[in-house]
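# Descriptive structure summary
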Amino acid sequence: MKNKLYILLFLAFLFSGTTLWAQQKATPKAGEGISSFLLRHNRSPKKYYDDFIELNKQKLGKNNVLKVGVTYVIPPVKKSTTTPAKNITTESTGTKQSSSKAKSTKIGTTINEPLFGKQLANVKVTSNRLAGACFYVVSGHGGPDPGAIGKVGRYELHEDEYAYDIALCLARNLMQEGAEVHIIIQDAKDGIRDDSYLSNSKRETCMGDAIPLNQVQRLQQRCDKINALYRKDRKNHSYCRAIFIHIDSRSKGKQTDVFFYYSNKKGDSKRLANNMKDTFESKYDTHQPNRGFSGTVSGRNLYVLSHTTPASVFVELGNIQNTFDQRRLVMNSNRQALAKWLMEGFLKDYKEKK
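Residues numbered from 1 in each chain as written. Predicted model: local features only at pLDDT ≥ 70, side-chain atom pairs only at ≥ 80, totals over all residues. Heavy atoms only, no water.

### A word on the sheet that holds strand β9 (residues 180–183)
Rule in force here: At least two bridges found by DSSP between two strands are what make those strands a pair. Only DSSP runs of H or I with at least four residues qualify as helices, and only runs of E with at least two residues qualify as strands; both kinds are numbered from the N terminus onward. Every axis in this analysis is a line fitted to C-alpha atoms, fitted for helices over the stretch in contact. Angles between the N-to-C directions lie between 0 and 180 degrees. The criterion used for residue contact is that any of the two residues' heavy atoms lie within 4.5 Å.
Strand order in the open sheet formed by six strands is β9-β6-β13-β16-β14-β15, with mixed pairing between adjacent strands. Each edge of the open sheet carries a strand with a single partner, namely β9 and β15 (297–299). The average undirected angle you get between the axes of adjacent strands in this sheet is 25°. Helix α9 (residues 332–353) rests against β6 (133–139), β13 (239–248), β14 (259–262) and β16 (311–319) of the sheet, and its axis sits at about 150° to β13.

### Examining the nonpolar core
The line we're drawing: Nine residue types can take part in a nonpolar core, namely buried Ala, Val, Leu, Ile, Met, Phe, Trp, Tyr and Cys, and a core is a set of them joined through side-chain atoms within 4.5 Å. Remark: exposure states derive from per-residue accessible area (1.4 Å probe, protein chains only) relative to the maximum for the residue type, with buried under 20%, exposed over 50%, and partly exposed in between.
Within the largest apolar cluster, 54 residues are counted, with the highest numbers of intra-cluster contacts made by Leu170, Leu174, Ile243, Phe260 and Leu342. Ranked by residues supplied to this core, first place goes to helix α4 (residues 159–176) with eleven residues. Those residues in contact with leucine 170 that sit more than four places away from it in its chain are Val137, Ile243, Ile245, Ala339, Leu342, Met343 and Phe346. In this structure, Cys134, Leu219, Cys223 and Ile226 belong to the second largest nonpolar core, which totals 20 residues.

### A look at the packing of aromatic side chains
How we decide: Each Phe, Tyr or Trp ring, with Trp reduced to its six-membered ring, pairs with another whose centre is within 6.5 Å; inter-plane angles below 30 degrees give stacked pairs, above 60 give edge-to-face pairs, and intermediate values give tilted ones. Whether a charge sits over a ring depends on NZ of Lys or CZ of Arg being within 6 Å of the ring centre and within 35 degrees of the ring normal.
Applying the stated criterion across every chain yields a total of eight aromatic pairs. Arranged with centres 5.4 Å apart and planes meeting at 70°, the rings of phenylalanine 260 and phenylalanine 280 form a pair that is edge-to-face. One end of the pair, phenylalanine 260, is in strand β14; the other, phenylalanine 280, is in helix α6 (residues 267–287), with 20 residues separating them in the sequence. Owing to a relative accessible area of 0%, phenylalanine 280 belongs among the buried residues under this scheme. Grouped by ring-pair contacts, the aromatic residues Phe135, Tyr239, Phe346 and Tyr350 constitute a single cluster. Across the ring face of tyrosine 48, the terminal group of arginine 43 is positioned such that the distance to the ring centre comes to 5.9 Å.

### Some thoughts on the pairing of β14
Side-chain direction in a regular strand flips from residue to residue, so the side chains alternate between the two faces of the sheet. Residues of β14 alternate between two faces, with Phe259 and Tyr261 on one and Phe260 and Tyr262 on the opposite face, all of them buried. In the sheet, β14 pairs with β16 via four bridges, with the strands oriented antiparallel. Looking across to β16, one finds that tyrosine 261 is bridged to phenylalanine 314.

So far we have only geometry, and geometry alone does not tell us how the molecule works.
What follows is the structure, encoded as structure tokens:
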């Protein structure tokens, strides 16, 4: 009888130990959202978000905001029933392609692009609206050059980090539409992030090459990459466009809208900038009807516009110093919306070109 009692006590101890071990706990970093918190602890937000809310609903702030200094329970790992996708796999043939040069692909194809981060690396092509088009997506600055720097309390907002996050979102949207996309400025660690205050680094490269500190060399490097790719891409694509994504820096009290610049020497560049502006204007009419859109289109002799062969557009996405414009950047949903509208601007231009 005693032996049976000991066995039961031992089993109870084992099960209680397993339960305690499963309830892993941790505190969030400043500015971290639930999704990024889960990612940091190797949990897919799509799979564990609701579980996290259920386990921690009494500790969360308004709109499920994480509180700094509060310890949260991390959902225990579930048994996985799926296997990761390969680089690019078509549902019909299983053909693989390189992730660094995502080709125009058929609906249903899955593209694996590690630059988007583990959770968003697999991109399923859901439309062929941009099939046959090719894009060069370039976020401003990077490497030794952070670009403009704004401040929110104790946080520094570096232009290159926010421009890069929007650039990745745009590239992913374009791929979903069936386009070939080249991401020119790359960070092997930072995928698409949902944090409000993005961590700053100097890891960015120009497609694997170190970014020079000298400004002219830095700009020429990305132009050379684009032009070399374009010489090959133009043989297979009738529509190739480059976009340079930046964030303006003006006086703190100056709220701005989005500015679009084009090359005075290229008619296609001007048409693209105008189509981008028209798209943003229509979006403002829908989502902010009482505000209006004051963004502008103008020709500029900017280095990257004049030294890249394909038609291109240079975009300034607001004033990084202004409190209202900063909201456009720190909210990940706003960054995603900007990327989606840029994609729709390309789509409008592509339809006109065809």
